[in-house]
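Okay, here's what each chain looks like letter by letter:
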Amino acid sequence: KQESSLIEELCSILIKPSSRGIVFITGAGISTSAGIPAFRTGKDAVWSTNILQNGTKKAFRRDVLGWYNNFWIPTFEAKKFRDAKPTEAHIALAKIAQIFPNTRIVTQNVD
């Protein structure tokens, strides 16, 4: 189907009085296109170098402050995260959520 007909079909479903809403489940693709690295795959994946040191409850509990200062802040407060801009997909999902309040968005990434 063409993109416009898919959008029209989605809208016709959402405007029905019987519609209970919709859930969009996104993965790393929506994030990587905004410059945010994936967690599990690719050369810049967060867990490609940090999973053993920081990816467990044990590591977190062993030194919460150290985990936060040495892993969380450098990883998730990095310039690439702060400077990331929404993509067309982010904007489209936000618009749908504004128009149709029963919309839910679930992501596997930090965006």
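Let us look at the structure shown here.

The rules behind the values
Residues numbered from 1 in each chain as written. Predicted model: local features only at pLDDT ≥ 70, side-chain atom pairs only at ≥ 80, totals over all residues. Heavy atoms only, no water. Helix = DSSP H or I, 4+ residues; strand = E, 2+ residues; numbered from the N terminus. Rg over C-alpha atoms; globule rule 2.2 N^0.38 Å. Buried < 20%, exposed > 50% of the residue type's maximum accessible area, 1.4 Å probe, protein only. Contact = heavy atoms within 4.5 Å. Salt bridge = Lys/Arg side-chain N within 4 Å of Asp/Glu carboxyl O. Core = buried A, V, L, I, M, F, W, Y, C linked by side-chain atoms within 4.5 Å. Phe/Tyr/Trp six-rings, centres within 6.5 Å; stacked < 30°, edge-to-face > 60°. Polar contact = N/O pair within 3.5 Å; in protein donor to acceptor, adjacent residues only side chain to side chain.

### Remarks on the overall build of the protein chain
So, step 1. If you tally the helices and strands in the protein chain, you get 7 helices and 2 strands.
So, step 2. Going from the N terminus to the C terminus, the protein chain shows its helices and strands as α-β-α-α-α-α-α-α-β.
So, step 3. Whereas a compact globule of 111 residues would reach a radius of gyration of roughly 13 Å, the protein chain reaches 18 Å, over 25% beyond that.
So, step 4. Overall, the C-alpha framework of the protein chain stretches about 50 × 25 × 20 Å when taken along its three principal axes.
So, step 5. Out of the 111 residues in the protein chain, the part that is buried amounts to 27%.
So, step 6. Partitioning the intrachain contacts of the protein chain with sequence separation of at least 6 by distance along the chain shows that 62% fall at a separation of at least 24.

### Description of the pattern of salt bridges
So, step 1. One pass over the structure, following the stated rule, counts 1 salt bridge.
So, step 2. Between Lys79 and Asp83 there is a salt bridge, and its shortest N-O distance comes to 2.4 Å.

### Digging into the nonpolar core
Looking at soluble globular proteins, one finds that nonpolar side chains tend to be buried together.
So, step 1. Formed by Ile36, Phe39, Val46, Trp67, Phe71, Phe76, Ala78 and Phe81, the largest nonpolar core amounts to 8 residues.
So, step 2. Broken down by element, this core gets its largest block of residues, 3 residues, from helix α5 (residues 64-76).
So, step 3. Judged by nonpolar contacts, the second largest core, of 6 residues, contains Leu14, Phe24, Leu93 and Phe100.

### So, the environment of Ala94
So, step 1. By the element assignment, Ala94 lies in helix α7 (residues 88-99).
So, step 2. Considered as a pair, Ala94 and Ile105 are 11 residues apart in the sequence and their alpha carbons are 9.1 Å apart.

### Topic: the packing of aromatic side chains
So, step 1. This structure, assessed with the given rule, holds 3 aromatic pairs.
So, step 2. Between the aromatic rings of Phe60 and Trp67, the centroid separation amounts to 5.0 Å while the plane-to-plane angle is 90 degrees, which identifies the pairing as edge-to-face.
So, step 3. What makes Phe60 partly exposed here is its relative accessible area of 35%.
So, step 4. The class of Trp67 is buried, set by a relative accessible area of 15%.
So, step 5. Seen from their ring centres, Trp67 and Phe71 are 5.3 Å apart, and the 55 degrees between their planes marks the pair as tilted. A residue pair is termed a helical-turn pair when its members lie 3 or 4 positions apart in one helix, as Trp67 and Phe71 do in helix α5 at 4 residues.

### Thoughts on the side chain of Thr26
So, step 1. By secondary structure assignment, the location of Thr26 is in strand β1 (residues 22-26).
So, step 2. Separated by 3.1 Å, the side chains of Thr26 and Thr107 make a polar contact.
So, step 3. Apart from the residues lying within four places of it in its own chain, the contact partners of Thr26 are Leu93, Val106, Thr107 and Gln108.

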